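# Notes for the structure review
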Amino acid sequence: MGAALRTKKIVNDGSAAVDEMLDGILAAHPRHLDRVAGSPRAIVARKGPRSGKVGLVIGGGSGHEPTFLGFVGRGLADAAAIGNVFASPPPDPILACTQAASGGAGVLYMYGNYAGDVMNFDMAAEMAAMEDIEVRTVLTTDDVASAPRDRRDKRRGVAGNFFIFKAAGAACDRMLSLDEVEMVARKANDRTFTMGVALAPCSLPQTRRPNFEIGDDEMEIGMGIHGEPGVARGRLESADEIVDAMMDRILDEMGAATGDRVAVLVNGLGSTPLMELYIMNRRARQRLDEVGLQVHATWVGNWCTSLEMTGASITCMHLDVELATMLDHPCDCAMFRVG
């Protein structure tokens, strides 16, 4: 019985999967990425850090690719610290990223609001302070399902990282001050809202066992990207019904006025076909059109995954002129480009 529950993966040794993945990514993207010398889990943009620019350091657990490595490059993040699968990076690679990203104007840390990440990035910030590198932190908290509105500071950061990192990276690239970059990052986070749905679990390469159980005819709204419990489990509904449930919550949270602009991300969690993501985007656009919101830009695809989890999320960023400018600002990363 136990053997039947094991999943199939194209790996060698599960415990070596992250480092072998990094070897493969660096081999594929030598124009964009490099390791920080002496720190194999610290990845730096070849054309990112420069004198006088605020450095942007991101990071978190592996298994969410192209988050985080896909957003390291000119015009976006300067460096990323990489943890084990679904686990925070330790302080040392975060500090190595900080040193590599520092151009003398301070460094901004951005990552999802998870206890392990907060602890280790805070430790790295203290270590950086001893080297006279000023560090500020902006946590991403876009997952509207993970805590009530009056406890938004407890919410998780999920696929909205895509927009929030992009805005902050553009602010850095435009040579804004650390104060100004932090303000842009906080506004981007405050105006970004995500809801997810999961249909089937993923499995870690070390265990090859499903990380949660769900019935063949069930779905769970609001499940987190590590399998954290959502807000409702029930029968599998149609695409339009699923999107309506997600958009109802997003639109309520966003509180946008007729004529306002939004950016939309329809994100796959790893195993959901593009066909289904585009069907979801069709309904999301209908809902936005119905309430008179203008869609400034749309991305559909796998941007913040959960290994091979089956499911998807929808993110909307409520734009103003500044945030639209930051989204449109050119960037050149290994797995993401604008302009």
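Our structure's up above, just so we're on the same page.
Residues numbered from 1 in each chain as written. Predicted model: local features only at pLDDT ≥ 70, side-chain atom pairs only at ≥ 80, totals over all residues. Heavy atoms only, no water.

## Quick notes on the overall build of the protein
Note the following rule: By definition, any uninterrupted DSSP run of H or I lasting at least four residues is a helix, any uninterrupted run of E lasting at least two residues is a strand, and each is numbered from the N terminus. Computation of the radius of gyration draws on C-alpha atoms alone. For the globule rule, the value is 2.2 Å times the number of residues to the power 0.38. Accessible area is worked out with a 1.4 Å probe on protein chains only. A residue is then buried under 20% of its type maximum, exposed over 50%, and partly exposed in between. Should any heavy atoms of two residues lie within 4.5 Å, those residues are counted as being in contact. Methods summary: accessible areas were calculated by the Shrake-Rupley approach with a probe of 1.4 Å, and residue burial reflects only the protein chains presented. His residues and chain termini do not enter the charge count, which takes Lys and Arg as positive and Asp and Glu as negative. We put the charge of a Lys on NZ, of an Arg on CZ, of an Asp on CG and of a Glu on CD.
Looking only at helices and strands, the protein features 8 helices and 15 strands. The globule rule puts the C-alpha radius of gyration for 339 residues at 20 Å, and the 19 Å found for the protein is close to it. Overall size of the protein, expressed as C-alpha extent along the three principal axes, is 55 × 55 × 35 Å. Within the protein, the fraction of its 339 residues that count as buried is 55%. Expressed as a percentage of contacts within the protein between residues at least 6 apart in sequence, the contacts between residues at least 24 apart total 73%. Entry remark: accessible area of the protein is about 13700 Å², with carbon and sulfur atoms responsible for 52%. Where the 34 positive side-chain charges of the protein centre and where its 45 negative ones centre are 3 Å apart.

## Brief notes about the packing of aromatic side chains
Worth spelling out the cut-off: Stacked, tilted and edge-to-face are the three classes applied to pairs of Phe, Tyr and Trp rings, where Trp contributes its six-membered ring and a pair requires centres within 6.5 Å; stacked means planes under 30 degrees apart, edge-to-face means over 60, and tilted covers the rest.
Overall, the coordinates contain 13 aromatic pairs when judged by the stated rule. Plain terms: the ring middles of Phe 71 and Trp 303 are 6.5 Å apart, the flat faces sit at 25 degrees to each other, and that makes the pair stacked. Here Trp 303 lies in the loop between strand E12 (294-301) and strand E13 (310-318) and Phe 71 lies in the loop between strand E3 (55-62) and strand E4 (73-74), a separation of 232 residues in the sequence. Classification of Phe 71 as buried rests on a relative accessible area of 2%. An aromatic cluster is present here, built from Phe 71, Phe 162, Phe 163, Trp 299, Trp 303 and Phe 336 joined pairwise through their rings.

## What about the pairing of strand E1 (residues 33-36)?
The criterion, for reference: In this analysis, strands are considered paired if DSSP registers two or more bridges between them.
Bridge count for E1 against strand E2 (residues 39-45) is 4 bridges, and the pairing is antiparallel. Its bridge partner lying in E2, Asp 34 is registered against Val 44. Between E1 and the antiparallel strand that follows it, E2, lie 2 residues; Gly 38 among them carries a positive phi value of about 80 degrees.

## Regarding the nonpolar core
To keep it simple, the criterion reads: Nonpolar core, defined: a set of buried Ala, Val, Leu, Ile, Met, Phe, Trp, Tyr and Cys residues in which side-chain atoms within 4.5 Å join the residues together.
Grouped together as the largest cluster of nonpolar side chains are 65 residues, with contacts concentrated most on Ile 58, Met 110, Trp 299 and Phe 336. Considering each element in turn, this core owes the most residues, 9 residues, to helix H4 (residues 161-173). What Ile 58 contacts, discounting residues up to four positions off in sequence, is Phe 68, Phe 71, Ala 77, Ala 79, Ala 80, Ala 81, Met 110, Phe 121 and Phe 165.

## A look at the pairing of strand E9 (residues 218-221)
Judged from the 2 bridges that link them, strand E8 (residues 192-200) and E9 form a sheet pairing that is antiparallel. Residue pairing in the sheet places Val 197 in a bridge with Ile 221 of E9. Relative to strand E10 (residues 232-235), E9 is paired through 4 bridges, and the arrangement is antiparallel. Looking across to E10, one finds that Met 219 is bridged to Gly 234.

## Comments concerning the sheet that holds E3
Counted only if it meets this: Between N-to-C directions, angles cover 0 to 180 degrees, with each direction set by a line fitted to C-alpha atoms, over the stretch in contact for helices.
The mixed open sheet is built from 6 strands, whose spatial order is E1-E2-E5-E3-E6-E7. The outermost strands of the open sheet, each flanked by one partner alone, are E1 and strand E7 (135-140). Direction aside, the axes of adjacent strands within the sheet are offset by 30 degrees on average. Strand direction decides the pairing type here: strand E6 (residues 107-112) and E7, joined by 6 bridges, are parallel. By the bridge assignment, Gly 112 is partnered in E7 with Thr 140. The strands touched by helix H3 (residues 115-129) within the sheet are E3, E6 and E7, with E6 carrying the most contacts at an inclination of about 170 degrees.

## Some points on the packing of H4 against helix H5 (residues 178-190)
Heads up, the condition is: Each angle gets one of four labels, with under 35 degrees taken as roughly parallel, over 145 as roughly antiparallel, 65 to 115 as roughly perpendicular, and the rest as oblique. A crossing counts as left-handed when the near helix is turned anticlockwise from the far one by less than a right angle, and as right-handed when that turn is clockwise. Classes in brief: Ala, Val, Leu, Ile, Met, Phe, Trp, Tyr, Cys and Pro nonpolar; Asp, Glu, Lys and Arg charged; the others, Gly included, polar.
At a minimum axis separation of 9 Å, H4 and H5 run at an interaxial angle of 160 degrees. Relative to H5, H4 is oriented roughly antiparallel. Every pair of crossing elements has a handedness; the one defined by H4 and H5 is right-handed. Touching Ile 164, Ala 167, Ala 168, Ala 171 and Cys 172 of H4 are Val 181, Val 184, Ala 185, Ala 188 and Asn 189, all from H5. When its residues are assigned to classes, the contact of H4 with H5 shows 9 nonpolar, 1 polar and no charged.

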